[in-house]
Amino acid sequence: DTEVTQTPKHLVMGMTNKKSLKCEQHMGHRAMYWYKQKAKKPPELMFVYSYEKLSINESVPSRFSPECPNSSLLNLHLHALQPEDSALYLCASSHSGTRTSGGYNEQFFGPGTRLTVL
Amino acid sequence: AQSVTQPDIHITVSEGASLELRCNYSYGATPYLFWYVQSPGQGLQLLLKYFSGDTLVQGIKGFEAEFKRSQSSFNLRKPSVHWSDAAEYFCAVGARTNAGKSTFGDGTTLTVKP
């Protein structure tokens, strides 16, 4: 299985809602990532989990809360979002995390969740 | 700090014509280099990667790229473009010791004329 899956595909939420995005991979990868992508822009890194521990937080607002329950799952909890948070949210995974020096970081991306905040 | 520049924002080629997308990187050591393709509303798909060894790298869908250290470039090529190649293309550089920090270029939009 060389796939990263993301659910839901589309999500529309109000600014007072609480929702979660889910990402799953079964490739045995130990690093997982959340990216935010606006239209016609490259993905912007939000968070990196390495061996189920948060290793990188790119100064993301606290209304985004990541969680890595196990090595295969990655969640992104959303609360009190703003309309400018509307974007495509991409999950990715790679073979090794920051703990392994010399490890390569070819990332496998999921199809993304299209989020619209009203 | 690592950085990637894709000089061409938008490229239009005719179907069957050859293609070259440019990518220049800045990195203090030998980088990991990647090309990804993204169709509208989809995730990114890895086309090819360079870690070490042969500087001419073959990828999927008939793409290849050449790593030129002297020019800090990793240009993507395809000898004959198909209409289905129309998409957004991203070049990325990754650090060898930190799996988290891949830096993406701004992307090149490829349009294919019939």
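Every value quoted in this text rests on a predicted model; they were computed, and no experiment measured them.

Calculation rules
- Residues numbered from 1 in each chain as written.
- Chains lettered and ligands numbered in written order.
- Predicted model: local features only at pLDDT ≥ 70, side-chain atom pairs only at ≥ 80, totals over all residues.
- Heavy atoms only, no water.
- Helix = DSSP H or I, 4+ residues; strand = E, 2+ residues; numbered from the N terminus.
- Rg over C-alpha atoms; globule rule 2.2 N^0.38 Å.
- Buried < 20%, exposed > 50% of the residue type's maximum accessible area, 1.4 Å probe, protein only.
- Polar contact = N/O pair within 3.5 Å; in protein donor to acceptor, adjacent residues only side chain to side chain.
- Contact = heavy atoms within 4.5 Å.
- Phe/Tyr/Trp six-rings, centres within 6.5 Å; stacked < 30°, edge-to-face > 60°.

> Can you walk me through the overall build of chain A in this structure?
Of regular secondary structure, chain A possesses zero helices and 11 strands. Going from N to C terminus, chain A has its helices and strands arranged as β-β-β-β-β-β-β-β-β-β-β. Since a compact globule built from 118 residues should have a radius of gyration of about 13 Å, the 14 Å found for chain A is in line with a globular shape. Judged by the C-alpha coordinates and their principal axes, chain A covers about 45 × 30 × 25 Å. Residue burial in chain A is summarised as follows: out of 118 residues, 48% are buried.

> Honestly, the side chain of Q6(B) in this entry has me stumped. Any pointers?
Residue and element names in this part refer to chain B. Among the secondary structure elements, Q6 is positioned in the loop between β1 (3-5) and β2 (10-14). Among the residues examined, Q6 registers a relative accessible area of 7% and is labelled buried. There is a polar contact of 3.0 Å between the side chain of Q6 and the backbone oxygen of Y89. Of the polar contacts made by the side chain of Q6, one reaches the side chain of T108; its length is 3.4 Å. In contact with Q6, not counting residues within four places along its chain, are R22, W35, Y89, F90, C91, G105, D106, G107 and T108.

> For this particular structure, what's the right way to read the packing of aromatic side chains?
As enumerated under the stated definition, the model contains 15 aromatic pairs over all chains in all. Both rings, one in Y33(A) and one in Y35(A), keep their centres 6.3 Å apart while their planes meet at 25 degrees; by these two values the pair is stacked. Overall, the relative accessible area of 0% leaves Y33(A) in the buried class. Ring geometry for Y35(A) and F109(A): centres 5.4 Å apart, planes at 40 degrees, overall tilted. In this pair, Y35(A) is assigned in strand β4 (residues 31-37) and F109(A) in strand β10 (residues 107-109), connecting sequence segments 74 residues apart. Residues Y35(A) and F109(A) agree in their burial class; the two are buried. An aromatic cluster is defined as three or more aromatic residues linked by ring pairs; in this entry it consists of Y33(A), Y35(A), F109(A), Y32(B), F34(B), Y36(B), F51(B), F90(B) and F104(B).

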